[in-house]
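In case you want the letters, here they are:
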Amino acid sequence: MNAFTLYRRMAGASIKAQLRYPGTFALQLVGNFVTTLLSFFGIWSLFHRFGSIAGWDIGAVAVLYGLVNVSFSVAETLGRGFDVFGSEYVKTGSFDRLLLRPRSTLVLLLGHELRLRPIGRFLQGAFVLGAGFWLSPHVSWNTVWLLPWAVTGGAVMFLGILIGQAALCFITVEGLEVVNVLTYGGVEAGQYPLTMFARWLRRFLTWALPLSAVCYYPALAMLNHPDPLGMPLWFGLLSPAMGFVFLALMVLWWRRGVAGYVSSGS
Amino acid sequence: MTIRPYVTSFVLQWKIGLRYRLAVLAGLVAQMWFGAISLMAYAAVYHHAPDVNAPMTLRQAMTYTWIQQSFFTLLPLGCLPAIGEAAKSGAIVYDLLRPVDLWNWWLSASLARLLGNAVPRALLLALVAGPLAALVGLNGWSLAPPASFEAALLALVSFILGAFISASIVMWWNIVAARTLSPLGTYAVGTPLAVLLSGMLLPLPLYPDWARDLLLLQPFAGISDIPIRLYMGMPIPGGVVTALGIQCFWLLALTMIGRFWMNRTISRMELQGA
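Residues numbered from 1 in each chain as written. Chains lettered and ligands numbered in written order. Predicted model: local features only at pLDDT ≥ 70, side-chain atom pairs only at ≥ 80, totals over all residues. Heavy atoms only, no water.

## A look at the overall build of chain A
On a plain count of helices and strands, chain A comes out with 15 helices and zero strands. Taken over C-alpha atoms, the radius of gyration comes to 19 Å for chain A, in line with the 18 Å a tight globule of 266 residues would show. Summarising its shape, the C-alpha atoms of chain A cover approximately 60 × 40 × 35 Å along the three principal directions. When the 266 residues of chain A are sorted by exposure, 54% land in the buried category. Pairs at least 24 apart in sequence give 79% of the contacts found in chain A among residues at least 6 apart. (Helix = DSSP H or I, 4+ residues; strand = E, 2+ residues; numbered from the N terminus. Rg over C-alpha atoms; globule rule 2.2 N^0.38 Å. Buried < 20%, exposed > 50% of the residue type's maximum accessible area, 1.4 Å probe, protein only. Contact = heavy atoms within 4.5 Å.)

## Notes on the UniProt feature "transmembrane region" (unreviewed entry) in chain B
Residue and element names in this part refer to chain B. When the UniProt feature table is mapped to this numbering, "transmembrane region" (unreviewed entry) covers residues 20–46, 66–84, 122–141, 153–175, 187–207 and 238–262. End C-alpha to end C-alpha, residues 66–84 measures 30 Å, and it is 47% helix and 0% strand. Annotated as residues 122–141, this span is 70% helix and 0% strand, and its ends, taken at the C-alpha atoms, are 17 Å apart. (UniProt positions renumbered as here; feature names shortened; annotations may be inferred.)

## Quick word on helix 1 (residues 3–18) of chain A
Residues and elements named next belong to chain A. With 16 residues, helix 1 should reach 22 Å at 1.5 Å per residue; the first-to-last C-alpha distance of 23 Å fits that figure. Listing the buried residues of helix 1 in full gives Leu6, Tyr7, Ala11, Ser14 and Gln18. In a view along the axis of helix 1, the buried residues occupy a sector of 130 degrees, so they form one face of it. Of the residues in helix 1, the exposed ones pointing more than 90 degrees away from the buried face are Arg8, Arg9 and Lys16. If you follow the buried residues of helix 1, they end up packed against helix 2 (22–50), helix 3 (58–78) and helix 7 (105–110). (Expected span 1.5 Å × (residues − 1). Arc of directions from axis to C-beta.)

## Details of the interface of chain B and chain A
On the side of chain A, 35 residues touch chain B, which itself brings 38 residues to the contact. When chain B packs against chain A, the two sides together hide about 3400 Å² of surface, and 79% of this comes from carbon and sulfur. Joining chain B to chain A, the criterion identifies one salt bridge. We note a salt bridge from Asp209 of chain B to Arg49 of chain A, for which the minimum N-O separation is 2.9 Å. Counting across the interface, chain B meets chain A through four residue pairs in polar contact (both at pLDDT 80 or more). Breaking the side of chain B that touches chain A down by element, the ones donating at least two residues are helix 2 (21–48), helix 8 (184–197) and helix 9 (209–217) of chain B. (Buried area = accessible area lost by both parts, 1.4 Å probe. Salt bridge = Lys/Arg side-chain N within 4 Å of Asp/Glu carboxyl O. Polar contact = N/O pair within 3.5 Å; in protein donor to acceptor, adjacent residues only side chain to side chain.)

## Side note on the pattern of salt bridges
Enumeration according to the criterion identifies eight salt bridges over all chains in this entry. Linking Glu113 of chain A and Arg80 of chain A is a salt bridge whose minimum nitrogen-to-oxygen distance equals 3.9 Å. A residue pair is termed long-range when its members are at least 10 positions apart, and Glu113 of chain A in the loop between helix 7 and helix 8 (119–135) and Arg80 of chain A in helix 4 (residues 80–83) qualify at 33 residues. Each of the salt bridges in this network shares a partner with another, and the network as a whole consists of Arg49 of chain A together with Asp209 and Arg212 of chain B.

If you want it as structure tokens, here you go:
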């Protein structure tokens, strides 16, 4: 059995398991949809009161918002195993069992759960994204291929954060809430135009955590909107690749962590 | 009836909250980050539209955001984890067998959990966002002191009422967890509701005018929005009396309906694994 077939089976089993508690599942799905919808209501209220967000119209902000939420929901669906890695694998010692299996630990953890709950966030993000394109005057033809490319880059980058967060658990044992700064905090930061942040934060969000490379710059290219800070438009066509670079770095770090792993349990 | 068992239940959960010092620090960093992003967003929005007559100044919006961030763990984000787990495993039967008033027993644990998490974080964040930020020259971005001595006293009373309202809402989530046999659903619904309706996402005064009065009248506003308005001395339609009145009304209503609902729930509960 190759890794892909194995993953498909694990994913199938996980979907069945999640549908076992239908009441809870429905509540979670609705909750997820409503959370994200409400958070857009907050942004919309700012527009309603102030007319624009620092000179950006609602179409552009809706595209940014939709892009970052769709990307994150894909990573959330795939990467649940890394999210709970500290509490469910390192602290309990059950990571030892994964190490005994003749498969890549990354594949086994991806198969921990294929989470259905983020579908709510995905649908809502896609809906806002569509509305954003509809409201924007100069949507370019590049969007047709740039959109899937940016979403893939974004999903891969968020997956990289989750893997990096799991690798951190080799040191801290328990997962730390502080890494939510990069996941949920990343989503929060990604839905605003980059120009409204201070310079240190702009640099961090482009070169350390390539959030703007998978969200802000591709969105500018899709909307034919010149960058107020002077970055040329073609940068947005290439920049989603930085998401893959980020993932590769995190995987390297993960390998180092696994090589130095000392079991905490029985 | 003696009060001792409820005090014990409170002290136990309070100690659990204080146990994880690293988690407090980690939470502080997260709260500072989310606070900083919101502040930059508000600053950009306000500076770009100087002639819009907003119901609160930029300085007030910043203070509001800092206090909201410091009381994040005071919000009723879901059921008490211990009760949710007990509902799932069937261990909830032990709670049902205790010769104590179940509402007060769970309420004291819920309140202690909220306060044990929130108080250390709030003090630390207030220190960092207030005096320390002013010292390093970020005065315009810092947490402003209370409007006056009376405002500070009123806000303190109001915060205490708010903590009780929050614990009562947690009680409702506990009942939902006992009914659905899992804590997860309450987190999924409770977190977004609390984050939006308490003013954590966007200060309640900044919502569109048609929504503002409605938002003030719902129970979540009593947790932190009303205390913060009193702290900053912001006008509330009807003044202090309405402010505290709304809080007292919700505390009573949530308790009375909640007790009735809880008794109905446990009288017909089927226990899992018992």
